[in-house]
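Letter by letter, the chains look like this.
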Amino acid sequence: IAPVNGGVVDGIQGALTIVGNGNDVLNIDDTGSVMDKTGTLTSSTLTGLGMGAGGITFSGISVLNIGLGSGSDTLTIVNTPSVPANINGNNGNDTFNVQGTTGVTNLDGGAGNVSFGEVIDFDHGSHSTSGSAGREYARRGSFTAFPRGS
């Protein structure tokens, strides 16, 4: 079944656990949201974004895709899973605070302005950004962090 855009994660009010078989793609779709939201991504959880306290816990996935809504969202990336993580800010003036990455991490600000407000550490990789390094604002900005050896 192909994913459908236009979802809103606010309806997830209890803890949601997803266990894949290692070949599963996890699509988390909040693209239907128009509210400004704040969330946190770790190597195995996504919390905030209007969800209940438990958020989403995941394991056994091959790719993580997160689509944020059209509000001005802030996503703190404490760490990412060891698999590719693709995060699309879509519209809105979004802020990505990157504290660490493990796998290849692709951030796309979408049609709004994006701020890479905090880029602290890349435990397992180097990174490249569009525009200047450090604190930056870029139209349709993107950021890619690659694990060492890539």
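Since the structure is predicted, the reported quantities are computational estimates derived from the model, not experimental observations.

Criteria and thresholds
Residues numbered from 1 in each chain as written. Predicted model: local features only at pLDDT ≥ 70, side-chain atom pairs only at ≥ 80, totals over all residues. Heavy atoms only, no water. Helix = DSSP H or I, 4+ residues; strand = E, 2+ residues; numbered from the N terminus. Buried < 20%, exposed > 50% of the residue type's maximum accessible area, 1.4 Å probe, protein only. Areas by Shrake-Rupley, 256 points an atom, 1.4 Å probe, with all protein chains shown as cover. Pairing = 2+ DSSP bridges. Polar contact = N/O pair within 3.5 Å; in protein donor to acceptor, adjacent residues only side chain to side chain. Core = buried A, V, L, I, M, F, W, Y, C linked by side-chain atoms within 4.5 Å. Contact = heavy atoms within 4.5 Å.

**Q** Describe the overall build of the chain, listing the residues and the values that go with them.
**A** Per the secondary structure count, the chain includes zero helices and 12 strands. Order of helices (α) and strands (β) in the chain, N terminus to C terminus: β-β-β-β-β-β-β-β-β-β-β-β. Here the chain holds 150 residues, and 41% of them are scored as buried. For the chain, the accessible area works out to roughly 7,000 Å², and carbon and sulfur atoms hold 51% of it.

**Q** Report on the pairing of strand S4 (residues 56–67), specifying residues and quantitative values.
**A** Summarising the sheet, strand S1 (residues 16–29) and S4 pair through 10 bridges and their orientation is parallel. Bridge pairing in S4 links Thr 17 to Thr 57. Looking at chain direction, strand S3 (residues 45–48) and S4 are connected through two bridges and run antiparallel. By the bridge assignment for S4, Thr 45 is matched with Thr 57. As paired strands, S4 and strand S6 (residues 85–88) are joined by four bridges and run parallel to one another. Bridge assignment links Leu 64 to a residue of S6, and that residue is Ala 85.

**Q** Tell me about unusual backbone geometry, residues and numbers included.
**A** The phi angle at Leu 49 is positive, at roughly 55°, despite the residue not being glycine. Its location among the elements puts Leu 49 in the loop between S3 and S4. Classification of Leu 49 by relative accessible area gives buried; the value is 2%. Positive phi values are uncommon outside glycine, yet Asn 90 reaches one of about 55°. The residue Asn 90 is located in the loop between S6 and strand S7 (94–98) in this model.

**Q** Describe the side chain of Asp 94, with residues and values.
**A** When you line up the elements, Asp 94 lands in strand S7. Of note is the side chain of Asp 94, whose polar atom sits 2.8 Å from the backbone nitrogen of Asp 73.

**Q** Please give an account of the nonpolar core that cites residues and values.
**A** Ranked by size, the top nonpolar core spans 21 residues in total, and within it Ile 28, Leu 41, Leu 46, Leu 64, Ile 66 and Ile 87 carry the most contacts. Listing elements by their share of this core, those giving two or more residues are S1, S4, strand S5 (74–77), S6 and S7. Filtering out sequence-adjacent residues up to four positions away, Leu 41 remains in contact with Leu 46, Phe 58, Leu 64, Ile 66, Leu 75, Thr 76, Ile 77, Val 78, Asn 79, Thr 80 and Ile 87.

**Q** Go over the environment of Gln 13, please, and point to the residues and values.
**A** Among the structural elements, Gln 13 can be located in the segment before S1. Beyond its immediate sequence surroundings of up to four residues, Gln 13 is in contact with Gly 50, Met 51 and Gly 52.

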